[in-house]
Every structure is written in structure tokens, then in C-alpha cells.
Amino acid sequence: MADRAEFMDKVRHRTRTGKYRPTHAPDVAWTREGAPPDKEPIEDPSARFLEELEAVGGHGRRVKDLEEARSYVLDLAREREAKLLLRWGVGELTRLGVDGPLRKDGVEVAVWNDDLADSKDVASRADIGLSTAAWAIAETGSLVLEGGPGRGRIVTLLPPSYVAVVPVDRVLSTVPEMIRKYAEAGNVPANICFHTGPSRSGDIEMTLAIGVHGPGDVHVLLVG
Amino acid sequence: MTTSKPARKHDTEDRRREGISSNREGFNQRSRKAIGDRQLHDAVALASKNLIGGRNKVLGSLPDAPELRERAYRIKQETMANLDRYLEQMADAVEARGGNVFFASDGEDAIRYVADLARRKGAKIIAKSKSMATEEIELNRRLEEDYPDLGLEIVETDLGEWIAQLAGETPSHIVGPILHMNRQRVADILSGVAGEKLPPDVEELTKFARKRLREKFLAAEIGMTGANFGVAETGTICTVTNEGNARLVTSVPPVHVVVMGIEKLIPKFDDLSTFVQLLARSGTGQKVTVYTNFITGPRAEGEMDGAEEMHLILLDNGRSKLLGTEFEEALYCIRCGACLNVCPVYRQAGGHTYGSTYSGPIGAVITPLLKGDKEAKDLPHASSLCGACSEACPVGIPLHDLLLKLRNRQVNEGLAGKGQSVAFKGFENTMRSPALYKISGKAGRVAQKVVEKDGAIRPLPGPLSGWTNTRDLPPLAPKSFRELWKKGLKDG
Amino acid sequence: MRVALFIPCYVDLINPEVGVGAVRVLRRLGVDVIYPDGQTCCGQPAFNSGFFDEARGVARHFLDVFEKEEWDYIVCPSGSCATMVSHYYPFIFEDLPEDRERSESLGHRVREFSDFLVNVLGVTDLGANHEGRAVFHTGCHQRRELGILNEPRELLRNVSSLDLLDWENEELCCGFGGTFSIKMPDVSTAMADEKIAALEKSGADTIISCDSSCLMHLGGRLKRTGHDTRIMHLAQILDPGKAG
């Protein structure tokens, strides 16, 4: 049985002055010819977000209000011939008001909260997952999802189609900015996920396969 | 029902194990198979081209890439210089969040812990996302073979890793585990599991894999991951995938086990931004992978998914002995795979030739460091020292210099062999003596008359046969430069 | 300007015409060229095989020879040998401060041939002529330790009748690597074949480099596989005294 003290003994402080010696090789990343690319702040984060999301095969749209967002979700459910939509049990999505209209369309709506029985089974059967996001990152087209009450992780993972509805003022510019926010906040949530576009793999003959384990059909609506 | 139990092909597993111990003389010999495999060569060449092309684009467009690289080096340097402190901090932070921490001196310790845990939980299925550390300690095989009473099924969920597992093979590249297989091969392997003939169509095969692995995700009692990074300040584990399997195995099964090499630590949460920016860009040419997941302890209060129990296994397995040595920089590796993609030797030889968990330049460095020189005698010599690896490394590890130092270490340990030692002593003596050097040149010119033909030296027996079997050797010139200089060039 | 010539051992013994070409080029440019007597080798073969002690012995001899005078520069028609002295002598003498200092002070005066022409003499056009369609191979040390990529090409672009072509996988190592070529012959040969495939694809009839070691390896494989590609060092192309 490994002894913690014994383990630490082997690791005990050993100083060493390392010499960071960058190579002279004219690598495009480390040794640039000419001026480095501009370190410009992103002027329009939401536009950049949508661009980046599109570039990785996600579908992004800026909508002006919840009503537009609601129609998008309804249209999507129709197009995908969805029978079951599972959404986060959060106030924002209740206010989105898709439950009624979807049910009228014959789509079952399940809400991720304590009342949901067989949540795993529901999530595996759901055709569409719907969530909000804590933040979004423009530079990469990433959603930032936090776990918590009503915010099931598998809602965003198991269904083949996934929609996130995000207020536009939650779009940050860069990854360092996002990480800095959490670093400064002091308390890190149990789970944070930067989710960027559809699940994919190039493992088989380096051919792109979409929707390997997570959703392959990813939609983000920036509202406002 | 056919289980996903891996095909326990004795020969492939043994071939790898044999590879490790026969590294004494085997690299060149083993490379022949890969060199003759044109399909493998083309796959590796294409992968390298795509991955490097992508990498150049996304790293080249980062305005502060050089600064990030230096910062990454310094963060790792700081971490290793105070690793004991950061390990303590990590353990405290994880425990404060309700996780469990175990210190595993070696693979056996780690595996025993997992086995005990599995027994306590009555677990039958472990769903794993990709972890090089678990491959290093051969966790899957040893859990199955050393603890058969547990009846454990360990399922790799990374698409390529699962397919390799089913075939009883080891992955051949850090990022693309089944680069060495074509789609027909994959179809054959998956058809065996499906019990019906699946077409060699990537979409169809992926659909099948998704369905079959989904069953495992939902049934597994234990989800196991590695960690790309561990943050000491907060106890956070960061995993990075494109498929979503790491997020799935940490969301569905009630127990989450992390096997993390101790060198994966970084001090502060904010340090993540340096590494998250570098890892995907360097390894796959993406700005960020599809799922970059940060897990801090088991599920929070009020969450209905996420693991209820979290176990962090901190693995030493030979890493600590590198701390404070001239080889410490090898621990700074973030396993991005860039060095494999640029390596001209890897391009020809492929991953399996290295006969080790870690292949390519980092493999050639870390394997003798973790397993000892005798176990991996050939690997430091499996390089032309071109330096492309050091150039590509996003943390600035001087890989090719480390290879040289490893060669020197072998010499100092007396592993270089009498023949070489004598030869290079003779070389030194000749080159320190202009007179001896001159004589050797003259003697060489006389000697070669025997083997020279049409201005070239053709196949020779002996040590030079390695060259002359496949290449012509130019003869020594009738007059050396020195002689020409003395005989007139000096005066113009 | 007084310049010492550092002629690598294989140039001395196998390709002396490279040294001769270098001398003629430098003299044409008004440089006073000396070939210090007693030089033998930079020690790289021992170094690459991990025999650092033996390499140090050879390195000390090199330093003795080249310290005899205060040259303005030490010019070497080989990227890999220039790198050995300028970059790796301090490396092998890391823990020996006296030798380390010697090698550092000498090291920065060691310049690879094309680097010297372009960056010290400021010359890119030597009025040379050579007919052919050529690709240029940059040796790995020249690329990664010295960073001398464009200089040879600039010089070659001014060679009349020479068509300088691009080729694929330009940055890939040729596979020589010193003793690597004998220790791992199959891999080494496969690496050469990769470069030769790119050469064929480019349509070049000539391969030029600043490293005779690379040329020896690629040339040896080209000949064995029945190619009649011309194999030439940059110094030979620029050599004003060559026939034709």
C-alpha cells in the first residue's frame, strides 16, 4: 500500500535552474518573419462567435428576442421530427415558453429537475436537448456550460440534436478572459465545460465523423 | 450477446511487450514492417500534413504564441521545482471538495486501488476515456488478468482506442490511435462485434460505435479518465476530447476515477489559459477541442448527474526520479503529439516500431527515462537529430538535446558496447593528431582500391554494410583538400 | 579581412572540390583566406553517438588550432559542422567554464559559407553560371540551429541559367544524421527515398546543398537507385574557377 509520506519523500523539493532555450528554427509559431499578427480586441464578439461556430460545423443565429428563439426551437423540432425534447430546469427556459407550443405540436417535453423520473433513460431517448449557457467565448465559438441544480450535463450530451439559448451579453471575447473570470471568482463550480460545436472524430482513416458520442447537430441562439 | 471483451490476441500484446524488451537492438529491424507498409506510410504522411498544416495556421495566427510557449515552460519548471508542495495542495483541494486522493508509487499500486474500489462498488463495467497513463501501466490488461474474480469489463470509449482494443492492438499515435488501419479493417473488426457485416463506410461504422458504446456509458458503474492538466490551487482536473466521451464517463457513471501522472500538475487555475490555448492548437490544429471539461470534485449539491464519488490517483511510476536532473524537461510534456507529426523518423517507422506506450520523439526520450536505459536501448538512437521535434514542441522541451544526453548516459553507463568505445577512442586519437589524421587518409585511399569500382564503393561487409547495402559510398578523393592547398591552392 | 577556413573532415577527404570552390569564391571577393594547419575534424561523429568525452578531446584540439590567430571570421562550407562548433561546443563544455568560454568566444566567429557571403560580405550575386533545374536542400542544423534558410536561395537565384525549383517536404530531414545512417539503415534509407520522391516530382536534375554530408547520403541513394541527378555543393555552383 503506497504511503503518502513515502511518496512525497521521493518528490521532495529539488531545485533546478532550467534554461529555456528557444530554437532558432524559423517556425511559423515561435519565430516570426515580420510583424506578429495583430493583437486586436474582438470588435463584435457575437458576430465572431457565430463565425467560429459555423467554421466548426455548428449552427449559430442571432435572434432579437425570446419569441424568435422560441420559433427556432419549434421549427427545429419539426424538421428533426422530434418526439421528445429534454430541457434544463431553469427559469430562463421556462420563460422561453417552448413547453406549451411543443406539446401542442405533439412533442413530449421533459424538464431536468427533481421531479424527472428515470432521468438517464429520458436523456437517452430525447431527440433534442435544450439548455442555456453561463457564458460563450467568441474567439473559439464555445459555449461555457456549468453544472448545477436543473442543469443536467447529459441534457447537452446524449440527445443527437442540441440547442443552447444564450443572452448575447454573455459572450466574452477570449479563452484567457473566461479562465481569468473563474480564477478571480475564487470558487470553481464542480463542472465547467467549454463546448465547441458538434462532437467529432477523425479516427477512422482520418475521415471526419460527426456526432460520435455527443450531439452532432448543434445550434446556438444568441438572444438580444 | 457478444461482449465488447477485447480479442486477447496473444501475439499482438506479446509483440508489444516483446518490443519493449527487445529494444536492445530492434528498432531498425522492427521498422522494416512499417517501411514496407505503403498504406501506413501514406496515412501517416497525410495525417502529419493535415495536423501540421492546421497547427501552423492556428498557432501562427496567435499574436502571443512565442510568449505562451515560454510561459508554459516556466510554469512547468516552477511546478517541478516545487512538486511536493503542489501535490499536497492538489490533494487538499480535491479532498475539500469531497473527492478521494490516492498516491500510487507505481502501476501496481494504482491498479490495486482500482480493483479494490471496483470490488467495493460491485462494479462490472469500467468505461474509460483515453488515458496514456493507464496504457503506460497496462491497467486494462492487468485488471483483467490479475483480478479475474472481479469479472471486470473495461471498455475504451475513444472511438479509435475502442477499435484498437477490439483488435487486440495498441494505439500507434497519441492523437490518432488507429492511423495504421484502413476502413475495411475497421469494418471487419466492428462486424465481428456486431455479429453482422458492416459496410466500410465511416458514417455507418460511427453510428454503430455510438450505439454500442452508448450502452456501456449507461451501464458502467465506474467512469475512468486521465487528466490533461491538474490544477493544484483548486483541485480541478481538465480533460480534452473531440468526441465527448470524457464528459460522458464523468457525467453518467456514479463513480469517477482519474489516473493522473504527477507531472500533469499546474499551480493555478489561471495557468490553464496558457495550456488550453497551446494544447489543441499544437496537437490537432484546432483552436480548442470540442469538449474541454473542468471537473472539481464529485457532483455539486443539487446536481442530478455527474459522479457521486470521485477518486484521484496520483501516479509516480518513475517520474519523481527525473526531478532536478538534466532530464527533468521531459516531464513538461503535455502530450499534444506535435513532435510525432513533424518527426521524419516517425513518418517512416510508425508508432508501433517504438515498441512502447509513448512513441515518436517524446517516446524515445521518456521511455528510457521511465523504464531505464537497458529496457529501451535503441530508442535514443532512433533519431537523426534533425531537431524538428524541439522546434514543434509548444512547451519548448529540447527533445533532440535530451536524446543526445541519453546517448551520452548510455556511454557513461558502459552500454555503448566495446566496438563503439574502441572506435571512438581511436577516432579521438586520430583527430587530435594531425599526423595520424593524414596517415589515416592516405591509408584509406590505398585500402579502398580493393573495393572501389567505377568511382563508387559498392556493398561491403562489416559495419559499413548498413550504408552500402542501399547506398553508394563515394570514394576518398585522390588528393585531399589539405594536399591541394599545400600544392598550389595556397598561393592562388 | 582575414578569414580562416574550417574544412570539415569529409570535405577534406572526399569532396575537396567543395573547399576549393569556397576558396576561389572568397578570393574573388577580395577576402584573405587562410587554411590553418593542423585542423582535422569538429568531433561531431563522437558527439552524436554520445561519446562526449571523446568529442571534448577533439573539440579542444580544434580550439587550439583556431585560437592561434585572431581571425575576423572562421568560414565553414558545412552547416552541420559550423553548428557543432558554434552551438554544441558550449553544450559539451557546459560544466567546464574555461573551455566553455573558449568555445563561446570562438563560436560566434564561426560562420557557415552562405551566411558569410550574404550577411557578412553583403553579396548575393557572384556572376556565376550553371545550367540546370535544381532544388536546394537545407541541412537540419543549418535550418534549426543556424536559421540560415534564405541565404543560399538568394545566391542561387542570381546564378544565370539555373532554374531553382520548389519541392515538397522541403523541411524534412534527409536521413543522414551521422551514425544514424548506419545504426538505423532501413529508416535512414526510407527517409532518403521520401526526399527523392519529392525530387522526382519537382522535375529537378540537380540537387544543391550547403552540407556535403546530406549530399553524400542523398547522392549515394540516388546513384544506387539509378538516378543521374547532379549532386553539387553551393560552393561548387558559385565557383568561378570551375570548368564551363
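Reading guide: rules and limits
- The residue count restarts for each chain, going from 1 along the sequence in the order it is written.
- Each chain takes a letter, starting from A, and each ligand takes a number, starting from 1, following the order in which they are written.
- With pLDDT at 70 or above as the cut-off, local features in this predicted model cover only qualifying residues; side-chain atom pairs require 80 or more to be listed or tallied, and sums for whole chains, interfaces and linings still use all residues.
- For two strands to count as paired, DSSP must find a minimum of two bridges between them.
- Segments assigned H or I by DSSP are reported as helices when at least four residues long, segments assigned E as strands when at least two residues long, and all are numbered from the N terminus.
- Axis angles are defined between N-to-C directions and span 0 to 180 degrees, where every axis is a line fitted to C-alpha atoms and, for a helix, only to the segment in contact.
- Residues are treated as contacting if the C-beta atoms built from their backbones sit within 7 Å of each other.
- The residue classification treats Ala, Val, Leu, Ile, Met, Phe, Trp, Tyr, Cys and Pro as nonpolar and Asp, Glu, Lys and Arg as charged. All others, Gly included, are polar.
- These domain boundaries are the output of an automatic or database domain assignment.
- Oblique is the label for every angle not falling under 35 degrees (roughly parallel), over 145 degrees (roughly antiparallel), or within 65 to 115 degrees (roughly perpendicular).
- Handedness of each helix crossing follows the sense of rotation of the near helix against the far helix: counterclockwise by less than a right angle gives left-handed, clockwise gives right-handed.

What about the sheet that holds strand 8 (residues 230-233) of chain C?
All names here are of chain C.
Thinking step 1. Taken together, four strands build an open sheet; the order of strands is 6-5-7-8 and the sheet is parallel. For this open sheet the edge positions go to strand 6 (160-164) and strand 8, each flanked by a neighbour on one side alone. Between one strand axis and the next, the sheet turns through 35 degrees on average, direction left out of account.
Thinking step 2. Pairing of strand 5 (residues 129-137) with strand 6 involves four bridges; the strand directions are parallel. Pairing of G132 across the sheet is with L162, part of strand 6.

What to know about the interface of chain A and chain B
Thinking step 1. Opposite the 69 residues of chain A that make contact, chain B presents 87 residues.
Thinking step 2. Breaking the side of chain A that touches chain B down by element, the ones donating at least two residues are helix 1 (4-11), helix 6 (119-125), helix 7 (175-185), strand 9 (191-195) and strand 10 (200-201) of chain A.
Thinking step 3. Per element, the largest residue contribution to the side of chain A that touches chain B is six residues, and it comes from helix 7 of chain A.
Thinking step 4. Residues belonging to the side of chain A that touches chain B are distributed by class as follows: 31 nonpolar, 22 polar and 16 charged.
Thinking step 5. Here five bridges tie strand 9 of chain A to strand 9 (residues 291-296) of chain B, and the two strands are oriented antiparallel to one another. Across the sheet, the residue bridging to I192 of chain A is F294 of chain B, located in strand 9 of chain B.

Here's the deal with the domain arrangement of chain C
Residue and element names in this part refer to chain C.
Thinking step 1. Annotation of chain C at the domain level lists domain 1 (2-119) and domain 2 (127-238).
Thinking step 2. A separation of 22 Å is found between the C-alpha centroids of domain 1 and domain 2.
Thinking step 3. Contact residues are listed per partner, giving 26 residues for domain 1 and 22 residues for domain 2.
Thinking step 4. Contributions of two or more residues to the side of domain 1 that touches domain 2 are made by helix 1 (9-13), helix 2 (16-28), helix 3 (44-48), helix 5 (79-92) and helix 7 (113-120).
Thinking step 5. Tallied by class, residues from the side of domain 1 that touches domain 2 come to 11 nonpolar, 12 polar and three charged.

Structural notes on the packing of helix 6 (residues 107-121) of chain B against helix 8 (residues 139-146) of chain B
Residues and elements named next belong to chain B.
Thinking step 1. Interhelical geometry of helix 6 versus helix 8 gives an angle of 55 degrees and a closest axis separation of 10 Å. If you check the angle between helix 6 and helix 8, you find them oblique. By crossing handedness, the relation of helix 6 to helix 8 is classed as right-handed. Contacts from I111, V114 and A115 in helix 6 reach L139, R142 and L143 in helix 8.
Thinking step 2. Taken together, the residues that form the contact of helix 6 with helix 8 break down as five nonpolar, no polar and one charged.

Quick notes on the sheet that holds strand 9 of chain A
Thinking step 1. Ordered in space as 8(A)-5(A)-6(A)-9(A)-9(B)-6(B)-5(B)-8(B), the eight strands form an open sheet in which the pairing is mixed. In this open sheet, the two edge strands, each paired with only one partner strand, are strand 8 (171-172) of chain A together with strand 8 (265-266) of chain B.

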